[in-house]
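The lines below spell out each chain.
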Amino acid sequence: MRHLMSPLDFTVKELSDLFDLAEDIEHNPAKYSHACAGKKLATCFYEPSTRTRLSFESAMLNLGGNVIGFSDAGSSSAAKGESVSDTIRVISCFADICAMRHPKEGAPMVAAEKSGIPVINAGDGGHQHPTQTLTDLLTIRALKGRLDNFTIGLCGDLKFGRTVHSLIHALVRYENIKFIFISPEELRIPDYITDMLKQRSVPYEEVIRLEDTMADLDLLYMTRVQKERFFNEEDYVRLKDFYILDKTKMKLAKEDMLVLHPLPRVNEISVEVDDDERAAYFKQVQYGVYVRMALILTLLGIHVD
Ligand code: CP
């Protein structure tokens, strides 16, 4: 039995196979429409979500399976004090695979240790969000045709942003990747990540102004300043609109630079950018369904000829 806790749980070759499968699903959806008949996915979400939960549910329904679950810890027995270890033992009696989101770092891993079914980390606190990373990588591969030889700017909340942390860990395994970290001082990328980059001799720069680096980027990954990760309202209010990507800044960028964002956005990308053909963030959401379909099939060991 195999779980997914981090994007590094899959080798580069396994990721390539997963993305090939996702692309086959995109082009031949009917072939997969009964692949999970009789199977159930449990979505156990202890933290709010629109994309990840509904994308998982949509993925399982597209595969002909069924879904059960909860979208709010308050409506589950967690509200009565049940541990994730006990909850997953119970869910293992009801479902064949589980996607779990939790505000505490490591909670899905604790669940996986006691689980009788594959567990997918659907985001744990400020730590990792591996299926968002699979989504990001598939989007880049589909729209750019490769996963190497990029200068990628990551902008916004690099301290608490789990999507950023997962994406960096995944991208360092590809050739000739350079990172430019764009953040205010208070939301800088954590030292454990820059230490890892130094160890692997992966080049990176840290800058504060987005304008100063726009022209260098092949990919720009925008992120939201996350209100839910701040300890006080005052800091959040001071930093929330630090970056706003608008048409003026887009004029500084390469003609083929892609703008990615895990979403939800608040103000960090002006809606006027949505019509720019370089804006890829809504396409990303669609790729998220294909890659989650591929992931469910892979973890359940289902092969479709
Ligand atoms: N990208 C992402 O994780 O979105 P949700 O929080 O809506 O699931």
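Just so it is clear, the structure is predicted and the values come from calculations on it, not from any experiment. (Residues numbered from 1 in each chain as written. Predicted model: local features only at pLDDT ≥ 70, side-chain atom pairs only at ≥ 80, totals over all residues. Heavy atoms only, no water.)

Asks: Tell me what's going on with the overall build of the chain, and back it up with residues and numbers.
Replies: Per the secondary structure count, the chain includes 10 helices and 9 strands. Against the 2.2 N^0.38 benchmark of 19 Å for 305 residues, the chain shows a C-alpha radius of gyration of 19 Å, consistent with a compact globule. Its C-alpha atoms put the chain at 55 × 45 × 40 Å along the principal axes. Put simply, the chain has 305 residues, and 54% of those count as buried. Long-range pairs, those at least 24 residues apart, make up 74% of the contacts in the chain between residues at least 6 apart in sequence. Accessible area of the chain: about 13300 Å², with a carbon and sulfur share of 49%. When the 36 basic and 45 acidic side-chain charges of the chain are each reduced to a single mean position, those positions are 3 Å apart. (Helix = DSSP H or I, 4+ residues; strand = E, 2+ residues; numbered from the N terminus. Rg over C-alpha atoms; globule rule 2.2 N^0.38 Å. Buried < 20%, exposed > 50% of the residue type's maximum accessible area, 1.4 Å probe, protein only. Contact = heavy atoms within 4.5 Å. Areas by Shrake-Rupley, 256 points an atom, 1.4 Å probe, with all protein chains shown as cover. Lys, Arg positive; Asp, Glu negative; His and termini not counted. Charge placed at Lys NZ, Arg CZ, Asp CG, Glu CD.)

Asks: Lay out the packing of helix 6 (residues 162–171) against helix 7 (residues 191–199) with the relevant residues and their values.
Replies: The relative placement of two packed helices is expressed as an angle between their axes plus a distance between the axes. Two numbers describe how helix 6 lies on helix 7: the axes approach to 11 Å, and their chain directions differ by 10 degrees. The angle between the axes of helix 6 and helix 7 places the two elements in the roughly parallel class. On the side of helix 6, the interface is formed by His 165, Ile 168 and His 169, while helix 7 contributes Tyr 192, Ile 193, Met 196 and Leu 197. (Axes fitted to C-alpha atoms, helices over the stretch in contact; angles between N-to-C directions. Parallel < 35°, antiparallel > 145°, perpendicular 65-115°, else oblique.)

Asks: Could you give an account of the pattern of salt bridges, naming the residues involved and the relevant values?
Replies: Think of it this way: side chains of opposite charge can pair up when their charged atoms draw near. Within the structure shown, the criterion is met by 16 salt bridges. Salt-bridge contacts for Glu 47 lead to Arg 162; the nearest nitrogen and oxygen are separated by 3.1 Å. Here the residue Glu 47 occupies a position in the loop between strand 1 (40–45) and helix 2 (51–62), and Arg 162 occupies one in helix 6, the gap between them amounting to 115 residues. By relative accessible area, which is 7% here, Arg 162 ends up buried. (Salt bridge = Lys/Arg side-chain N within 4 Å of Asp/Glu carboxyl O.)

Asks: So what about helix 5 (residues 130–144)? Which residues, and what values?
Replies: When the terminal C-alpha atoms of helix 5 are compared, their 21 Å separation across 15 residues agrees well with the 21 Å that a helix rising 1.5 Å per residue should span. Counting buried positions along helix 5 gives 12 out of 15 residues, so the element sits mostly inside the fold. Those residues of helix 5 lying buried are Pro 130, Thr 131, Gln 132, Thr 133, Leu 134, Thr 135, Asp 136, Leu 137, Leu 138, Thr 139, Ile 140 and Arg 141. With its phi angle positive at about 80 degrees, Gly 145 sits one or two positions after the end of helix 5. (Expected span 1.5 Å × (residues − 1).)

Asks: An account of unusual backbone geometry is requested, with residue identities and associated values reported.
Replies: For the bond from Leu 263 to Pro 264, the omega torsion is 5 degrees, close enough to zero to count as cis. Tracing the sequence through the fold places Pro 264 in the loop between strand 9 (258–260) and helix 10 (281–300). Positive phi values are uncommon outside glycine, yet Asn 149 reaches one of about 60 degrees. Here Asn 149 shows up in the loop between helix 5 and strand 5 (150–155). Here Asn 176, not a glycine, exhibits a phi torsion of approximately 55 degrees, which is positive. When its relative accessible area of 56% is taken as the criterion, Asn 176 is described as exposed.

Asks: Can you break down the nonpolar core residue by residue, with the values?
Replies: If you look at the biggest cluster of nonpolar residues, it comprises 59 residues, and the most contacted ones within it are Phe 19, Ile 152, Leu 154, Ile 168, Phe 179 and Leu 197. When residues in this core are grouped by element, the largest group, 10 residues, is from helix 10. Those residues in contact with Ile 152, other than ones at most four positions away along the chain, are Leu 167, Leu 171, Ile 177, Lys 178, Phe 179, Ile 180, Leu 217, Leu 219 and Tyr 221. Residues Met 214, Leu 217, Leu 220 and Leu 263 belong to the second largest nonpolar core, which totals 20 residues. (Core = buried A, V, L, I, M, F, W, Y, C linked by side-chain atoms within 4.5 Å.)

Asks: Could you give an account of helix 2, naming the residues involved and the relevant values?
Replies: If you check helix 2, its first and last C-alpha atoms are 15 Å apart, about what 12 residues at 1.5 Å a residue would give, namely 16 Å. Buried positions along helix 2 lie against strand 1, strand 2 (66–70), strand 3 (97–102), strand 4 (119–124), helix 5 and helix 10. Looking one or two residues beyond helix 2, the residue adopting positive phi is Gly 64, at roughly 85 degrees.

Asks: With reference to specific residues and values, describe a nonpolar patch on the surface.
Replies: Together, Ile 68, Val 90 and Phe 94 make up a nonpolar patch on the protein surface, roughly 230 Å² of accessible area in all. Relative to the helices and strands, Phe 94 resides in the loop between helix 3 (84–91) and strand 3. Residue Phe 94 is classed as partly exposed on the basis of its relative accessible area, which comes to 45%. (Patch = residues over 30% accessible without salt bridge, like charges linked within 9 Å, V, L, I, M, F, W, Y side chains within 5 Å.)

Asks: Explain the site of the ligand to me, using residue names and the numbers behind them.
Replies: Taken together, Ser 49, Thr 50, Arg 51, Thr 52, Arg 101, His 129, Gln 132, Pro 262 and Leu 263 make up the full set of residues near the ligand. In this structure, Thr 50 approaches the ligand through a main-chain N or O atom, which is 2.8 Å from an oxygen atom. Within the side chain of Arg 101, a nitrogen or oxygen atom sits 2.9 Å from an oxygen atom of the ligand. Compared with its free state, where it exposes 250 Å², the ligand has 91% of that area covered by protein. Looking at the shell around the ligand residue by residue, the classes come out as 2 nonpolar, 5 polar and 2 charged. (Near = heavy atom within 4 Å. Polar contact = N/O pair within 3.5 Å; in protein donor to acceptor, adjacent residues only side chain to side chain. Nonpolar A, V, L, I, M, F, W, Y, C, P; charged D, E, K, R; others polar.)

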